[in-house]
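Listed here are the chains, written in short residue letters.
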Amino acid sequence: MNSAPEARDLNLCLCHSCSNACDMTDHPQECERCGAPLHVRKANSLTRTWAYLLAALVFYVPANVLPVMNTSMFGSGSESTIIGGVLEFWEHGAWDIALIIFVASIAVPGIKFVALSLLLITAQRRSLWARRERSKLYRFVELIGYWSMLDVIVVALVAALVKFQALGDIEPRSGILFFGMVVVFTMLSAMSFDPRLIWENRKSEEVMDEVASH
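Residues numbered from 1 in each chain as written. Predicted model: local features only at pLDDT ≥ 70, side-chain atom pairs only at ≥ 80, totals over all residues. Heavy atoms only, no water.

Turning to the UniProt feature "transmembrane region" (unreviewed entry) in the protein chain, a few remarks are in order. When the UniProt feature table is mapped onto this chain numbering, "transmembrane region" (unreviewed entry) sits at residues 50-69, 97-122, 143-162 and 174-193. For the annotated span residues 50-69, helix accounts for 80% and strand for 5% of the residues, and the straight-line distance between the end C-alpha atoms is 30 Å. With 95% helix and 0% strand, residues 174-193 has its two end C-alpha atoms placed 29 Å apart. (UniProt positions renumbered as here; feature names shortened; annotations may be inferred. Helix = DSSP H or I, 4+ residues; strand = E, 2+ residues; numbered from the N terminus.)

Shown next, in the form of structure tokens:
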């Protein structure tokens, strides 16, 4: 049974800007539809993905150690880290908000760190292990990336609610800035990774490098 031809067999390249399938027969440098530069593969994909992921890990430490908000209720104030905020909301009966912040601030970044590291290591080793599952894992990382700022939004809504009811005051602290940087760098890391590397072995990579060099 003959398999369907692949894009490289038809000498096609997908534009990363508008997703147009471009004919690379004459080695065009720009997309004929939107004019964006054409790349057979994302340039320096593994290097840039590692760089963004390591930067996110560096910012993740102060994001969890430094306070993210200062809560002042009836004249007494206290500063809370992410974990402290989760426990505080839980103790006051707001278990739904505590759960949202825990998932978005602790579980999601942890999953993304592990998943991206796994994808990077296996891609560098040109592993043939569980390719289909790794492709699904990459799509899952992209999906949860859209919800990474959910806890920041929750904190902002809670602050607005507290001020509206004149019960006290909530102010952001430096930890929330570091967590925002974690979100940004993990998203850039996921965007920089080329999932087609999952399906390439050494032979196909040499063919694509030869095409890209022309």
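Think of an α-helix as 3.6 residues a turn; residues three or four steps apart then line up on the same face. Those residues of helix H2 (residues 82-91) not exposed but buried are Ile82, Gly85, Val86 and Phe89. Looking down the long axis of H2, one finds its buried residues gathered within 100° of arc, a one-sided arrangement. Within two residues after H2, Gly93 carries a phi angle of roughly 90°, on the positive side. (Buried < 20%, exposed > 50% of the residue type's maximum accessible area, 1.4 Å probe, protein only. Arc of directions from axis to C-beta.)

Before going further, it helps to spend a moment on the nonpolar core. Within the largest apolar cluster, 30 residues are counted, with the highest numbers of intra-cluster contacts made by Ile82, Phe89, Phe113, Leu116, Leu119 and Phe193. Going through the elements one at a time, helix H1 (45-65), H2, helix H3 (95-124), helix H4 (131-145) and helix H6 (174-192) are the ones with two or more residues in this core. Looking at which element gives the most residues to this core, the answer is H3, with nine residues. For Leu119, the contacting residues outside a window of four places in its chain are Arg134, Leu137, Tyr138, Phe193 and Ile198. (Core = buried A, V, L, I, M, F, W, Y, C linked by side-chain atoms within 4.5 Å. Contact = heavy atoms within 4.5 Å.)

Bringing the packing of aromatic side chains into the picture now. Each aromatic ring pair is described using two quantities: the centre-to-centre distance and the angle formed by the ring planes. On inspection of all chains with the given rule, the structure shows five aromatic pairs. A ring pair is formed by Phe59 and Phe178, whose centres lie 6.0 Å apart and whose planes are at 35°; its orientation type is tilted. You can see Phe59 sitting in helix H1 and its partner Phe178 sitting in helix H6, a full 119 residues away along the chain. Since its relative accessible area comes to 23%, Phe59 is described here as partly exposed. Here Tyr60 and Phe113 contribute two aromatic rings whose centre-to-centre distance is 5.3 Å and whose plane-to-plane angle is 75°, an arrangement assigned as edge-to-face. Taken together, the residues span a long stretch of sequence, with Tyr60 in helix H1 and Phe113 in helix H3 at a distance of 53 residues. By the burial criterion, Tyr60 is buried, and Phe113 matches it. Cluster of aromatic residues (ring-pair linked, three or more members): Tyr52, Phe59, Phe178 and Phe185. (Phe/Tyr/Trp six-rings, centres within 6.5 Å; stacked < 30°, edge-to-face > 60°.)

Glancing now at the environment of Cys34. Structurally, Cys34 can be placed in the loop between strand E2 (21-23) and H1. As a C-alpha pair, Cys34 and Ser17 span 17 residues in sequence and 7.6 Å in three-dimensional space. Beyond its immediate sequence surroundings of up to four residues, Cys34 is in contact with Cys15, Ser17 and Cys18.

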